[in-house]
Amino acid sequence: MTDTAQPPYAVPEFGKDPSDPPTVPLPPVSAGADGPSGALSGLETRDLTAWFGQRKVLERVSLRMRAGEITALIGPSGCGKSTYLRILNRMHEMVRGAALAGEVLLDGEDVYAPGRRPAEVRRRIGMVFQRPNPFPAMSLYDNVISGLKLAGIRASRDERDHLVESSLRQAGLWNEVSNRLGTPGGALSGGQQQRLCIARSLAVSPEILLMDEPCSALDPTSTRRIEETIADLRHRLTIVIVTHNMQQAQRVSQSCAFFLASHDTPGRIVEAGPTAQLFTDPADPRTADYVNGRFG
Ligand SMILES: Nc1ncnc2c1ncn2[C@@H]1O[C@H](COP(=O)(O)OP(=O)(O)OP(=O)(O)O)[C@@H](O)[C@H]1O
């Protein structure tokens, strides 16, 4: 039976955050392994339960997403993967009536702790969506730096130039667009637009990058290009990717979590562990059935 118990608390509505972000200097580009601390950040959820209104869609999801790894979230449609991803950087609360319980720890600190600003969490934990969503009329240059103002980061012209180049290089797009940074984002191909969106996310130096089926709208060549970019980024930041493509999960990830829900039970993790193990020697027969295409 679907559990309709009241959630313990509703997450605050997006936009109701009382304090505007303070303006801060430009952080080092992609702190990551080359950054000042030399350490990458990890994410962990403990007993995460989520609701839309009275409907519980995730239940007690505990998962460790290790620093510097790519973790793939797999599972049939509707099992809560995207919801889980959006909880990680406080986007779940943008949906009216959404609620959650449990903890999301970024380097051991709860991103939902009282007083913690959603905008600061979203700067540190970036998101790339299923459909490329650059600002179509805005130049490539401005697209890349469009997140700075939102994050309250100030930068000189030189710093911005450097940031645009380094972000586009990391996203694997620089060589294709370096001589036309003034052209609008909408003029790029779908795959290039997705890499532009990755560059835009990288420009605010996130520690974690969440990717929600980033290749599902792309052709095989663009998909391969994005996968190469993801693999390159692994050494700079921690990545969590939702994918329906089992080959992609095997190609890009080191760890994998298999989610499952049914019509009367909310989404839960059936099994999580090293990707190779989940695909070759899963502990649960449902995992074997899913990764071998027997359902979902
Ligand atoms: N904004 C919303 N309001 C109400 N219910 C929602 C909302 N978004 C998602 N849901 C419900 O939450 C459940 C989990 O959805 P979610 O999109 O997280 O699943 P998913 O595993 O990512 O699916 P898919 O693979 O098809 O993208 C589904 O039953 C869905 O209908």
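For every chain, the first residue of the written sequence is number 1, and numbering continues from 1 onward in sequence order. In keeping with the model being predicted, local features are shown solely for residues with a pLDDT of at least 70 and side-chain atom pairs are shown and tallied solely at 80 or more, while totals for entire chains, interfaces and linings include all residues. Each side-chain value is derived from all of the structure's non-hydrogen atoms; neither hydrogens nor water enter the calculation.

If you check an unreviewed UniProt entry, the protein chain appears there as Phosphate ABC transporter ATP-binding protein from Kitasatospora cheerisanensis KCTC 2395.

(A) Here's a closer look at the overall build of the protein chain. Helix and strand assignments follow DSSP, with helices taken as H or I runs no shorter than four residues and strands as E runs no shorter than two, numbered in order from the N terminus. Helix and strand content of the protein chain: 10 helices and 12 strands. When checking whether two residues touch, look at their non-hydrogen atoms; a contact exists if any pair is within 4.5 Å. Intrachain contacts of the protein chain at a sequence separation of at least 6 include 71% that bridge at least 24 residues. Where accessible areas are quoted, they stem from the Shrake-Rupley method and a 1.4 Å probe; at the residue level, only the protein chains shown are allowed to cover. Total accessible area on the protein chain is roughly 13500 Å²; 50% of this is exposed by carbon and sulfur atoms.

(B) Geometry of the UniProt feature "domain: ABC transporter" (unreviewed entry) in the protein chain. UniProt positions are given in the numbering used here, feature names are shortened, and annotations may be inferred rather than shown by experiment. Residues annotated by UniProt as "domain: ABC transporter" (unreviewed entry) correspond here to residues 43-291. The span residues 43-291 shows a helical share of 37% and a strand share of 29%, and its end C-alpha atoms are spaced 25 Å apart.

(C) View of the site of the ligand. Close contacts around the ligand come from 14 residues, with Ser-77, Gly-78, Lys-81, Thr-83 and His-244 the closest. A 3.5 Å cut-off defines polar contacts: any pair of N or O atoms within that distance qualifies, except that in protein one atom must be a possible hydrogen donor and the other a possible acceptor, and neighbouring residues in sequence count only when both atoms are side-chain atoms. A distance of 2.5 Å is found between an oxygen atom of the ligand and a side-chain nitrogen or oxygen belonging to Ser-77. Between an oxygen atom of the ligand and a main-chain N or O atom of Cys-79, the distance comes to 3.1 Å. About the coverage of the ligand: the protein hides 64% of its 630 Å² of free accessible area. A cutoff of 4 Å decides nearness: a residue is near a molecule or strand if any of its heavy atoms lies inside that distance of it.

(D) Examining the pattern of salt bridges more closely. By definition, a salt bridge exists where a carboxyl oxygen of Asp or Glu is found within 4 Å of a side-chain nitrogen of Lys or Arg. A complete count under the given rule lists 19 salt bridges for this structure. Where Glu-103 meets Arg-46, a salt bridge forms, and the shortest distance between an N and an O atom there is 3.8 Å. Linking Glu-103 in strand E5 (residues 98-106) with Arg-46 in strand E2 (residues 43-52), this pair joins segments that are 57 residues apart in sequence. Given the relative accessible area of 32%, Glu-103 is considered partly exposed. Asp-289 is the partner of Arg-294 in a salt bridge, and the nearest nitrogen-oxygen pair spans 2.8 Å. Accessibility here uses a 1.4 Å probe with only protein chains present; expressed as a share of the type maximum, an area under 20% marks a residue as buried, one over 50% as exposed, and anything in between as partly exposed. Judged by relative accessible area, Arg-294 falls into the exposed class, the value being 54%. Taking relative accessible area as the criterion, Asp-289 reaches 29% and is therefore assigned partly exposed. Salt bridges sharing partners connect three or more residues here, namely Glu-44, Arg-46, Arg-64 and Glu-103.

(E) Up close: the nonpolar core. What makes a nonpolar core is a set of buried Ala, Val, Leu, Ile, Met, Phe, Trp, Tyr and Cys residues whose side-chain atoms join them at distances within 4.5 Å. Core analysis: the biggest nonpolar cluster contains 46 residues, and Ile-74, Leu-168, Ile-198, Leu-209, Met-211 and Phe-279 have the highest contact counts within it. Of all the elements, helix H3 (residues 140-150) adds the most residues to this core, at five residues. Setting aside its immediate chain neighbours within four residues, Leu-209 contacts Gly-126, Met-127, Val-128, Ile-198, Ser-201, Leu-202, Leu-233, Leu-237, Thr-238, Ile-239 and Val-240. Counting residues in each nonpolar core, the second largest holds 29 residues, with Leu-85, Met-91, Val-242 and Ala-257 among its members.

(F) Seen up close, the confidence of the model for the protein chain. The pLDDT score gives, residue by residue, the confidence of the prediction method on a 0 to 100 scale. Within the protein chain, residue pLDDT values average 88, and 87% of them lie at 70 or more. Averaged pLDDT values over the elements of the protein chain bottom out at 54 in strand E1 (residues 24-25) and peak at 98 in strand E4 (residues 70-74). Taken as a whole, residues 1-22 scores under 50 in pLDDT and shows 41 contacts with residues more than four places along the chain or in a different chain. Across residues 28-37, confidence stays below pLDDT 50; counting only partners more than four residues off in sequence or on other chains, it has 20 contacts. The complex model carries a pTM of 0.88, and its ipTM stands at 0.98.

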